[in-house]
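Observations on chain architecture
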Amino acid sequence: GSVYEEASFFYSLNPLSSDSIQIAMQVPTAALDINYSIDGKNVKGTYVISRDSTERLINLDSLYNYDILRPEIYSLIHSLNFDSVTQFPIKVFSPEGMSVADAEITYLGREIVDEGYGKFDCLKVELKGGGIIPDNTLWINEEPRRIVRVYVPEPELNIVLVHFSN
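This report concerns the structure included in the present document.

Criteria and cut-off values
Residues numbered from 1 in each chain as written. Predicted model: local features only at pLDDT ≥ 70, side-chain atom pairs only at ≥ 80, totals over all residues. Heavy atoms only, no water. Phe/Tyr/Trp six-rings, centres within 6.5 Å; stacked < 30°, edge-to-face > 60°. Helix = DSSP H or I, 4+ residues; strand = E, 2+ residues; numbered from the N terminus. Buried < 20%, exposed > 50% of the residue type's maximum accessible area, 1.4 Å probe, protein only. Salt bridge = Lys/Arg side-chain N within 4 Å of Asp/Glu carboxyl O. 1 Å grid on protein atoms, 1.4 Å probe; cavity = no way out; pocket = protein on both sides within 12 Å on 5 of 7 lines; lining within 4 Å. Points joined across faces, edges and corners; volume = space filled by probe spheres on them. Nonpolar A, V, L, I, M, F, W, Y, C, P; charged D, E, K, R; others polar.

The next point concerns the packing of aromatic side chains. The tally for this structure, following the rule as stated, stands at four aromatic pairs. Here Tyr 66 and Phe 93 contribute two aromatic rings whose centre-to-centre distance is 5.6 Å and whose plane-to-plane angle is 35°, an arrangement assigned as tilted. Note that Tyr 66 is positioned in the loop between β5 (54–63) and β6 (68–69) and Phe 93 in strand β7 (residues 87–94), a separation of 27 residues in sequence. Pair check on accessibility: Tyr 66 and Phe 93 agree, each one buried.

Have a look at this one:
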């Protein structure tokens, strides 16, 4: 079945920090609506799960020990300098699971990726999700920096860049 997800992330600029998260996710048999506000590491809001004619509402007001929000993880991976960092442990807050993953980002080396419309000399990076968020392998082109491919082993998902313009 298909998964439909719409997400919005709001930030404060001074200092740069996450302000709130809104996620609406739907699969053929269920829906999830998340509306969190964030103050420091305190997460407040609602988490609503709907299935058939049943709805479960969870009010959240909890302090979490995390470094980054799950929706921000790809921006972080995209910007790391792997000349100086090869392993990067990080605590990731997952809004969907209301939990913190002890994740790790590991630089695996370089690899040439050919997606049929061009060859890219990529950084190969692994994200281990600590059992909370899915493990991923990413191939990132360096000049310009862009994610060319993402592989998720379970459930198996292969995402590739199909078009770009200069």
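Another aspect to go through is the pattern of salt bridges. The tally for this structure, following the rule as stated, stands at seven salt bridges. Across the pair Arg 110 and Glu 142 runs a salt bridge whose closest N-O atoms are separated by 2.8 Å. With Arg 110 in strand β8 (residues 99–114) and Glu 142 in the loop between β10 (136–141) and β11 (146–152), the pair connects residues that are 32 residues apart, well separated along the chain. Given a relative accessible area of 29%, Glu 142 falls into the partly exposed group. Taken together, the salt bridges that share partners define one network made up of Arg 110, Asp 121 and Glu 142.

Attention shifts here to unusual backbone geometry. In this model, Glu 143 is joined to Pro 144 through a cis peptide bond whose omega is -10°. Here Pro 144 lies in the loop between β10 and β11. With a phi close to 50°, Met 98 is a non-glycine residue in the positive phi region. Topologically, Met 98 is positioned in the loop between β7 and β8.

On inspection of all chains with the given rule, the structure shows one cavity of 30 Å³ or more. Estimated volume of the largest cavity: approximately 30 Å³. As for the largest cavity, its lining consists of Arg 70, Ile 73, Tyr 74, Leu 127, Ile 133, Pro 134 and Asn 136. A per-class count over the lining of the largest cavity returns five nonpolar, one polar and one charged.

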